[in-house]
Amino acid sequence: MERTFLAVKPDGVQRQLVGEIIRRYEAKGFKLVGLKLMQPTRELAEKHYGVHKERPFFAGLVEFITSGPVVAMVWEGDGVVASARKIIGATNPLTAEPGTIRGDYGANIGRNIIHGSDAIETAQTEIALWFTPEELVTWQPSITSWIYE
């Protein structure tokens, strides 16, 4: 089963949107296998956003993600990486479709509620960065046969 990393950013936590975000992924049929509320360190944030290190907005990304608590999650399911990105919506909430998390709740590109891995390889890297193997739970929901063939 494919896995992806999602994080409700400080603005989403402060606006109490965590439950709504989890609800959307559960309703889709994905399985939550890792969840924690944490305050990211500067070191973790710099590693997470390392691909943007040379870009002018890097410092702002690091500053924002470390400014408050984050809810880090790992979700599992068929095609979960691509599907999670569709549920999230475009990076800029002003252009995100209504019905997506960012389209419904995002205010601007700097406060866009949630992060989601953009590829299977990225998800694997981000999961390993934010979670230890012991923090991920292998389990089987009783409804699985109603969701997957």
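Residues numbered from 1 in each chain as written. Predicted model: local features only at pLDDT ≥ 70, side-chain atom pairs only at ≥ 80, totals over all residues. Heavy atoms only, no water.

Looking up the protein in an unreviewed UniProt entry gives the name Nucleoside diphosphate kinase, with the organism given as Pseudanabaena cinerea FACHB-1277. Its UniProt record gives the protein the following Subcellular location (unreviewed entry) comment, quoted word for word: "Cytoplasm". UniProt, in the comment section headed Sequence similarities (unreviewed entry), describes the protein in these words: "Belongs to the NDK family." (UniProt positions renumbered as here; feature names shortened; annotations may be inferred.)

Let us look at the sheet that holds strand β3 (residues 70-76). On the basis of which strands lie adjacent, the open sheet formed by four strands has the order β2-β3-β1-β4 and antiparallel pairing. Both outer strands of the open sheet, β2 (31-38) and β4 (114-116), are each paired with one neighbouring strand and no more. In this sheet, neighbouring strand axes are inclined to one another by 15° on average, regardless of whether the strands run parallel or antiparallel. Relative to β3, strand β1 (residues 3-8) runs antiparallel, the two being bridged by six bridges. (Pairing = 2+ DSSP bridges. Helix = DSSP H or I, 4+ residues; strand = E, 2+ residues; numbered from the N terminus. Axes fitted to C-alpha atoms, helices over the stretch in contact; angles between N-to-C directions.)

Residues Ile21, Tyr25, Met73 and Trp75 are the most contacted members of the largest nonpolar core, which totals 21 residues. If you list the elements that add at least two residues to this core, you get β1, α2 (18-28), β3 and α5 (80-88). In terms of residue count, α5 provides more of this core than any other element does, five residues in total. Excluding residues within four positions of it along the chain, Trp75 makes contact with Glu2, Arg3, Thr4, Leu6, Ile22, Tyr25, Glu26, Phe30, Lys31, Leu32 and Val80. If you look at the next biggest cluster of nonpolar residues, it comprises 17 residues, including Val33, Leu44, Tyr49 and Ala72. (Core = buried A, V, L, I, M, F, W, Y, C linked by side-chain atoms within 4.5 Å. Buried < 20%, exposed > 50% of the residue type's maximum accessible area, 1.4 Å probe, protein only. Contact = heavy atoms within 4.5 Å.)

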